[in-house]
Structure formats: structure tokens, C-alpha cells
Amino acid sequence: MSVGYRAVGWNRSKRLYDGVLLGATLSYLVLFAGGMLALYPAVTLETAVIRAAGSCALLLLHVILAIGPLCRLDRRFLPLLYNRRHLGVTMFAVALLHGGFALLQYHALGDSNPLVSLLTTGGRWSVVSEWPFQPFGAAALLILFLMAATSHDFWLVNLTAPVWKALHMAVYLAWWLVLVHVGLGVLQDEVGAPLALVLGAGVVLLCALHLLAAAKEHRVDATSNSAATSAAAAGQGGADGALLDVCAVDELREGRGRVLNVGGERVALFRTGGRVAALSNACQHQNGPLGEGRIQDGCIVCPWHGYQYVPESGRSPPPFTEAVPTYRVTLRGGRVLLDPQACAPGTLQVLPVIADGEATGKRPAPDEDFFVGYLPAVPPRLVRFVQRAVVGVLLVMLGGGALLLAGQGPFRGSRFEFGDVGAWRGVLHESPQPLLEVRRPGLGVTDLGSSGPGAPAELVSRYLLVAPGKHGAQALCAGLDGQAVALHGTLVYRGGQVMLELAERPVPASEAQLGAAAAADGALVALGEVELVGQIVDSKCYFGVMNPAEGTSHRACAERCLSGGIPALLRVRAADGTELTPLLTGRDGRALNLQLLDRVAVPVRVRGALERQGELLLLRTEPADVVRLVPR
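Residues numbered from 1 in each chain as written. Predicted model: local features only at pLDDT ≥ 70, side-chain atom pairs only at ≥ 80, totals over all residues. Heavy atoms only, no water.

The next thing to look at is the nonpolar core. Met36 and Leu87 are the most contacted members of the largest nonpolar core, which totals 81 residues. The greatest single-element share of this core, amounting to 15 residues, is contributed by helix H2 (residues 45–73). Among residues more than four places away in sequence, those in contact with methionine 36 are Val43, Ala48, Arg51, Leu405, Gln408 and Phe411. By size, the runner-up hydrophobic cluster in this structure holds 23 residues, among which are Cys541, Met546, Ile566 and Leu618. (Core = buried A, V, L, I, M, F, W, Y, C linked by side-chain atoms within 4.5 Å. Buried < 20%, exposed > 50% of the residue type's maximum accessible area, 1.4 Å probe, protein only. Helix = DSSP H or I, 4+ residues; strand = E, 2+ residues; numbered from the N terminus. Contact = heavy atoms within 4.5 Å.)

Turning next to the packing of aromatic side chains. Taken as a whole and assessed by the stated rule, the structure comprises eleven aromatic pairs. Geometrically, the ring pair formed by tryptophan 125 and phenylalanine 136 is tilted, given 5.8 Å between the ring centres and 55° between the ring planes. Note that tryptophan 125 is positioned in the loop between helix H5 (114–120) and helix H6 (134–149) and phenylalanine 136 in helix H6, a separation of eleven residues in sequence. Assessed through its relative accessible area of 11%, phenylalanine 136 is described here as buried. In this structure an aromatic cluster arises from ring pairing among Trp125, Trp131, Phe136 and Trp176. (Phe/Tyr/Trp six-rings, centres within 6.5 Å; stacked < 30°, edge-to-face > 60°.)

Moving on, we get to helix H1 (residues 12–39). The end-to-end C-alpha separation of H1 is 39 Å, in line with the 40 Å expected for 28 residues at 1.5 Å each. Burial in H1 covers these residues: Ser13, Lys14, Tyr17, Asp18, Leu21, Thr25, Tyr28, Leu29, Phe32, Ala33, Gly35 and Met36. (Expected span 1.5 Å × (residues − 1).)

The next thing to look at is the sheet that holds strand E8 (residues 329–332). Pairing in this open sheet of three strands is antiparallel, and the strands run E1-E9-E8 from one edge to the other. If you trace the sheet from one side to the other, it starts and ends with strand E1 (244–248) and E8, each paired once. Here the average twist between neighbouring strands, direction ignored, is 30°. With four bridges connecting them, E8 and strand E9 (residues 335–338) associate as antiparallel partners. Along E9, the bridge assignment pairs valine 329 with leucine 338. (Pairing = 2+ DSSP bridges. Axes fitted to C-alpha atoms, helices over the stretch in contact; angles between N-to-C directions.)

What follows concerns the sheet that holds strand E4 (residues 275–280). The strand order across the open sheet formed by three strands is E2-E3-E4, and the pairing between neighbours is antiparallel. At either end of the open sheet lies a strand with only one pairing partner, and these are strand E2 (257–262) and E4. The average angle at which neighbouring strand axes cross in this sheet is 30°, direction not considered. Examined bridge by bridge, E2 and strand E3 (residues 265–272) share six bridges and lie antiparallel to one another.

Turning our attention to the pairing of strand E18 (residues 525–538). Sheet topology places E18 next to strand E22 (residues 603–613); ten bridges connect them, and they run antiparallel. Bridge assignment links glycine 534 to a residue of E22, and that residue is valine 604. Here E18 runs beside strand E19 (residues 568–573); their pairing, made up of four bridges, is antiparallel. Bridge assignment links valine 537 to a residue of E19, and that residue is leucine 569.

A word on the pairing of strand E23 (residues 616–621). For E23, the buried fraction is high: six of the six residues fall into the buried class. Across the two faces of E23 the burial is the same, with Leu616, Leu618 and Arg620 and Leu617, Leu619 and Thr621 all buried. Sheet analysis places strand E21 (residues 583–586) next to E23, joined by four bridges and oriented parallel. Its bridge partner being in E23, leucine 584 is matched across the sheet by leucine 619. Relative to E23, E22 is paired through five bridges, and the arrangement is antiparallel. Among the inter-strand pairings, arginine 612 is bridged to a residue of E23, identified as leucine 617. The turn joining E22 and E23, which pair antiparallel and follow one another in sequence, is formed by two residues; a positive phi near 65° is taken by glycine 614.

The pLDDT averaged across the chain works out to 85; a share of 87% of its residues lies at or above 70. Confidence drops under a pLDDT of 50 for residues 442–457, and excluding neighbours within four residues, the segment shows 24 contacts in the predicted structure. Here residues 515–521 is a poorly scored stretch, pLDDT under 50, and it has 13 contacts once near neighbours within four places are set aside; other chains count. (pLDDT = per-residue confidence, 0-100.)

Our next topic: the environment of histidine 471. Within the fold, histidine 471 resides in strand E14 (residues 471–472). Residue classification places histidine 471 among the partly exposed residues on the basis of a relative accessible area of 28%. In sequence terms histidine 471 and leucine 562 are 91 residues apart; their C-alpha atoms lie 8.1 Å from each other. Excluding residues within four positions of it along the chain, histidine 471 makes contact with Leu109, Gly110, Asp111, Val466, Gly564 and Ile566.

With that out of the way, let us pick up the pattern of salt bridges. Enumeration according to the criterion identifies 25 salt bridges in this entry. The salt bridge partner of glutamate 579 is arginine 412, with a shortest N-O separation of 3.8 Å. Placement of glutamate 579 in strand E20 (residues 579–580) and of arginine 412 in the loop between helix H12 (380–406) and strand E10 (415–416) is noted, with a sequence separation of 167 residues between them. Two residues, lysine 540 and glutamate 501, come together in a salt bridge whose shortest N-O distance is 2.7 Å. A residue pair is termed long-range when its members are at least 10 positions apart, and lysine 540 in helix H15 (residues 539–545) and glutamate 501 in strand E16 (residues 497–502) qualify at 39 residues. With a relative accessible area of 15%, glutamate 501 lands in the buried category. (Salt bridge = Lys/Arg side-chain N within 4 Å of Asp/Glu carboxyl O.)

What follows is about a nonpolar patch on the surface. Together, Leu31, Val391, Leu395 and Leu398 make up a nonpolar patch on the protein surface, roughly 400 Å² of accessible area in all. No other element matches H12, which puts three residues into the nonpolar patch. Here leucine 395 lies in helix H12. (Patch = residues over 30% accessible without salt bridge, like charges linked within 9 Å, V, L, I, M, F, W, Y side chains within 5 Å. Areas by Shrake-Rupley, 256 points an atom, 1.4 Å probe, with all protein chains shown as cover.)

Right, let's get into the packing of H2 against helix H4 (residues 84–107). Axis separation between H2 and H4 bottoms out at 8 Å; the angle between their running directions is 150°. Taken together, H2 and H4 sit at an angle that is classed as roughly antiparallel. The handedness of the crossing between H2 and H4 is left-handed. Looking at the contact of H2 with H4 residue by residue, the classes come out as 18 nonpolar, six polar and two charged. (Parallel < 35°, antiparallel > 145°, perpendicular 65-115°, else oblique. Left-handed = near helix turned anticlockwise from the far one by under 90°. Nonpolar A, V, L, I, M, F, W, Y, C, P; charged D, E, K, R; others polar.)

Moving on: the packing of H1 against H12. Orientation of H1 relative to H12, taken along the N-to-C sense of each, is 20°, at an axis distance of 11 Å. Classified by the interaxial angle, the pair formed by H1 and H12 is roughly parallel. Between H1 and H12 lies a crossing whose hand is right-handed. Where H1 approaches H12, its residues Val20, Ala24, Tyr28, Phe32, Gly35, Met36 and Leu39 are matched on the opposing element by Val390, Leu394, Met397, Gly401, Leu404 and Leu405. Residue composition of the contact of H1 with H12, by class: eleven nonpolar, two polar and no charged.

As C-alpha cells, then:
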């Protein structure tokens, strides 16, 4: 505590709190991401980071929301409440890591501003099951940012405590937005038990804790209201300054407080030095329960963050200026009589002295552990309890993380040789999508495209070509149709399907033989009219740039890729697990991209003519023949 505002004044408690918090958070991120890369070798590093940070932020948010009701149920959890804002700021940083990587991976490097893409892609609002899930996560992240940015007491004082408290209660709205974000996103793709179990257990646990805490608080208010009502009925209370008989002097313990509900307002009664004081129960810092505090160094100490108030006036000791309302107290016949009309904050009261005959059978104050964060000494019993509580929280985090890690997938074999740029030569074709015909290893230069029996069509491979980022290669390849070219690119492949991400525009090759044989091996084999059911995906991500690259969670990225010219595929999965991924083109050979954006990542039925060109499958269709199998 200080009169002015400093960035952070660390003491031993803060260092321990933050050290455990940061160490546990970093360990979780490393273990989760490392576990994903070890268990699922096909996964990309970006996906591992996104899921590690997302699961960590989700679990931390549930821990944060559980601390409050736990403290209402058992005061020994109060050390976890002290500097809970540090936990909130850490959780926001982890959520920002998750959101930043997701924004970069799914929305950046395309034909639209990433933030615009975030708000305009990923689904449609006309069907609940297809609501875009990422805007909900972005809204939650914005709320968490506002909370983290205003976490310092400077903002609490300048915004005023009621406004600040209302802003920070928005954490429950952020929690609801996160649940919707997960439920509409990855939970629709991965319907296995682990994620649903963790999410459901978190919701049930938080609801149960809050209901139990509310029931306990209701019992306190009900008991106080019952006593006040009985006193008023007996003529001991009422308006115009009439006094209410609220409790016996014996019920107040020396140096401790008691909370009463008087006329709908909570009042804190304290017995200090043989006198009785009454103040508002709401601390001016964060509305902490003063009545659950204790007298220390002659001042009432709030159990939440250690703010102090003088019992006689309700004012903080100089140079602090906080003040709470006080109440007039009278002692009569061993009973405490209270004027229910509060005085102005900081009003000095003459505290009544407990006479010898007014308190009989006084119980000694029990040895009670009390935590104040800025004091160097913490009671040993409280230390042991907090240590067990922290271990329990860490085990819950690790258990939840292990379940989420076990429920990851599927991640099928694919590869993006990022940073490994190779040189290639072959024959370039612009239609139906830019692709490069290359000879397979062991063939001579003159074999490429030869129609003779010594070089059959299957000895030529076809690599789809794309540009860096979420862009097709149409612009880079314009004017080179049918020409022999040399180019530099990076391989992207999945099974027998290969793609090259161009590093620059291809240039004509010097070998005249390649140019002469350019079109000799372009024969198409018609496989007939078919009707296939599958899901439209973008070929670049699906071949290996991202993994997984299908389903609801990848919808926004697929829309960006297709709108940028990346070839569209129809991913068809048979009952035995085998896959077909024909390239979607128009009946006349034109590319189908923009026409299919509203049918990405949902089940579709496609009618068209299936053709094969070497290992490349083509499905010639029209947008009208691509029918959604989910309601609009």
C-alpha cells in the first residue's frame, strides 16, 4: 500500500504468488505444446501453440472464477484472492497469445484486413449451429483486455469503486462468451469426451460453488433480518432514530468482527479494547467484507487486501483518505442496540464501553489465522493450507490439460517444408488451376511429355502451384501456359498430393526439349458422372500448411484462402477411412472459388463429371450442383 501510485511494489507474498503463477503457466504451455508435437508429429507448431494457450486460458479463467466463492465458503482461501488481479492479467496474456496466433494463422496474409476478416468470415448468423465462433472469442478477449488494463488501483480510484466493480464483474460475460466460442468452434469438430468433459465439469463446478456461497450468504442475511424483525415487533426498533436490538455483547469476540443485515444493508460490528464499533461492511477499495476482518494496530483490517479503517470514525489512517459510513451504538443490559440510520462516511462516534455487568460468560477469542498480504509473517497453519490448495489447483490444471491433450486430433500425415526452398523445372499449365508437370526421379529431360511408349503418362507428376500466404498463383503464372519453366518453391504435401508455394515468378527454362513436349502428356481420363458427399476445403492448408485444415474451426481460413485464389478441393471420406480430394472446377474448366464461399466447411453433395489426369483428380461441376446438407 502507498499514498501514490507505483507500477508494482513487490513484497514476499507477491513474489511467491507471481513466481508460482508464472512458473506454473509457462510449464503448462511448454508441456502441452511439447506433448502435442510428440504425440501428434503431423501437427504444426502454430496449432500446438494455439491449443496450448487456449486450453491454459480456459482453465485459468475457471480457477479465477472459483476463487471468489471459495473464499466465501472458507476464509482460508483468502491468500489466493490477494493479488487475484495478477492471475487475471496473466490469463489475459495467455488468451492474447492464443488469439494473436489464431488471427495470424487464420486471417492474416490474405486479401482482406485480418480484423475485417475476423468479423466477416467463418459462418453465417442465420443458423445458430453456423454462427461464426471467433467473434465471440474476440469479444471475450476485449473484455479481458479492459479488465487487465484497469487492474491497477489508479483506475479503481479514478473510475470510482462502483464503476470499477461493475466493469470487472463483466468477467462473467467474458466466461459466457468463451463457452460459446468453444462450443461453436472446436467442440463441433472434436466431439470426443475429453473436451466436453472438461468444459462440462468446469461449468458444473462453478455453478455449484456460486450457489453454495450464495446460500451461505443468504443464511447470514436471513438470521440478521430475523433478529431485526423480532426486535422491531417488540417495539425496540423503527424509524426516527429508534434503536434495533441486534445481538448480545457476548456474541462479539475481542478484536474480531461480525456481519449483520440491517434494513437491507450489511453492517460490521467490532469489539475492540472493551468497546463496540459499527461501520458499513463494504470496504471502499473493492467492497470487501470488513466484518470478516480483524483489529490490528488499532485499525480494522479488510481481509481482502488489507485496507485499514479507524473504528471510531470509519476513516483510513492518514495520509489515506478512504472512509466508510458509521453507525451509532448503545449498550444496554448486555445487548447491542444499533441506530439503523447510517451516518455520513467518516463521522466520528463515541464508542460505548462494555460495563462489567453487561457481558457475562464472555467466550475467549479462538486462535484464528488471519492473512494480510503486505505483512511479512503468515501463520504457519495458513501456509500449510494454502500450499495444499495451490497443489490442488495445479493438479486440477494438469489433469484438465492432460484430458484436453489426450482428446486432440485427428492430425493426418502432411508436411509443409517451411524455409526449405528448392529449384524445380517443368511444364507450367494455367488451367484449370496453375500446376507444374515435372518428371519423376530417374527420367531424362527428353522423357517429360513424351508420347512414346518409353515414357507413359504416369511417369509425370503434377504439382499445384500457389503463391505465398493465402493467395493463388494465377498472377505469378500469367502468360506462361504450356511453357517450360524454372522456378523456386517450397513443397507442401499430403500422401501422394503435392503442391509448391512459389517464392517468385517462374521464368522460361533454357532446355528447348521441355518446351517442345509441353502438352503431349495432358490427356484426361473421364471417369463418368458421379454424386459425392464431402466438405469443401482449401488445398494449401489441407495439403500441409495447417493441420487440421478442415471443419468448423478452419472455416474462416478456408474462406480467406479460396477468396485469394487457392484451389478448392472436395474432401470425401469413405466409411473405410480412405479419402478422395478432387479439384473442383467449372464444367468449362474455370476455377470455382468465390462461388463456393458460402458452402465451405459444411457437408455438401456435389454432382459432376469426375476425371483423372495422372494422380490429379478433377471434379467438373457448377455452383448450382453443389448443395448444402445443413439448413440455411
